[in-house]
Amino acid sequence: MALLYINWMQAWGDCMREDGSMPHTAPNPFSAGGGPYWCGFIITASWQTYVNYGDRRLLERYYPYMQQWLGYAQKYSPDGLLRPWPATEYRNWYLGDWATPVGIDQKNPAFIDVVNNCFMVVCYQTMAKIAEVLGKSEGDIQSYAEKAEQLKHLIHQTFYDPKENSYSTGTQIDLVYPMLAGVTPQNELPDVLNTLSRVTADRFKGHLSAGLVGIPVITEWAVKNRQADFMYSMLKKSEYPGYLYMLDNGATTTWEHWNGERSHIHNCYNGIGSWFYQALGGILPDEKNPGYRHVLIQPQLVTDITWVDVSKDTPYGLLKVKWEKTASAFKMDTHIPVGCEATLTLPVEAKSVVINELKSDKTNDFEIQSGDYRIICDL
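To keep things clear, this report deals only with the structure shown in the data block. (Residues numbered from 1 in each chain as written. Predicted model: local features only at pLDDT ≥ 70, side-chain atom pairs only at ≥ 80, totals over all residues. Heavy atoms only, no water.)

1. Structural notes on the sheet that holds strand β3 (residues 283-285)
Under the convention used in this document: Strands pair, by our definition, only if DSSP identifies at least two bridges between them. A run of DSSP states H or I qualifies as a helix once it reaches four residues; a run of E qualifies as a strand once it reaches two. Both are numbered from the N-terminal end. Axis definition: a line fitted to C-alpha atoms, limited for helices to the stretch in contact. Angles are taken between N-to-C directions and run from 0 to 180 degrees.
Strands sit in the order β3-β4-β8-β11 across an open sheet of four strands; the sheet is mixed. At either margin of the open sheet sits one strand with a lone partner, and together these are β3 and β11 (365-368). Adjacent strand axes in the sheet meet at a mean angle of 25°, parallel and antiparallel pairs treated alike.

2. Here we look at the sheet that holds strand β12 (residues 371-378)
If you walk across this open sheet you meet the six strands as β5-β6-β7-β12-β9-β10, and the pairing is antiparallel. Of all the strands in the sheet, just β5 (307-314) and β10 (358-360) have a single pairing partner and so form its edges. On average, adjacent strands in this sheet sit at an angle of 20° to one another, irrespective of strand direction. Bridge count between strand β9 (residues 352-355) and β10: three bridges; the pairing is antiparallel. Its bridge partner lying in β10, V353 is registered against S360.

3. Details of the environment of Y316
Keep this limit in mind: The criterion used for residue contact is that any of the two residues' heavy atoms lie within 4.5 Å.
On the secondary structure map, Y316 appears in the loop between β5 and β6 (317-325). As a C-alpha pair, Y316 and P216 span 100 residues in sequence and 26 Å in three-dimensional space. If near-sequence neighbours (up to four positions away) are discounted, Y316 is found in contact with G291, Y292, R293, P337, V338, G339 and C340.

Okay, here's the thing in structure tokens:
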């Protein structure tokens, strides 16, 4: 997909206006709705392309564009928080999340503001990393890091309700995005997590309840925080809204809306796909060694799932992870392509570990080179 992303970033760059404003889609044939999560793609997609392919070209080419767009967003942050920018002939409705399930007011200004400002924190955090990779001045790196910290404080101060242990309107994305972006102070995390569990169970009846922005946000948070059982419990739901609801109603591609309105082949909810190979398979890129020169393998176990077989294309070839768990043993087969190295973290507490028929003196973390490995853990 590398060439596609290079082409797409060029489309975003071509669409930028002189004042640094961006449309909500690129190419830009009509005035679609969106918000910073849409046009900030020039930052996030460039970074993710670098992480997955090790190619700095997009970072180098579009760093000035990213800076210019952030300057534009700053114009609409009068009190330090991003507020709606105007509709124009090339973009329309200002959104936070989109295509949320029935019952969630995605037009609520507080809902929109907490989503978009959390995304801006991510943009500043990412820009600090990009500036470091490109060898920019310490001033650039520190400036973006400081802006992220200042905005995190403002978001928590403005949108957090300590009585309810909740942010903004208390939807799943309102609660998850502050935790993912690092807005939530460490001492408040357990309370917000409890609120998330409660509203998911009571208000949303155990379902995923977010739109095209919320799904990848929840997915990324669940992977990073090892919330595999939480995610799996929602994916199992067959009623509306959910993926099984789509399948049970004849879907062969993901819909634009959970209830099947409008497009029946859309990319809105495909963000969930990464959870299967990043959480269950445990295959994670290493930002410090981009392009899969080094990879993290950290499978997450889920109640009721006894085996996983997953593979991932990398610039070095196919990386494979297959595991099976019984009451007494955990077995894993993995293939690391030539040119790639991995840190493997086992998801079990093993009494003993045998790797390629040799007993290991370690039982948890392993540094492995390219090759094929058969790992057997006695539980």
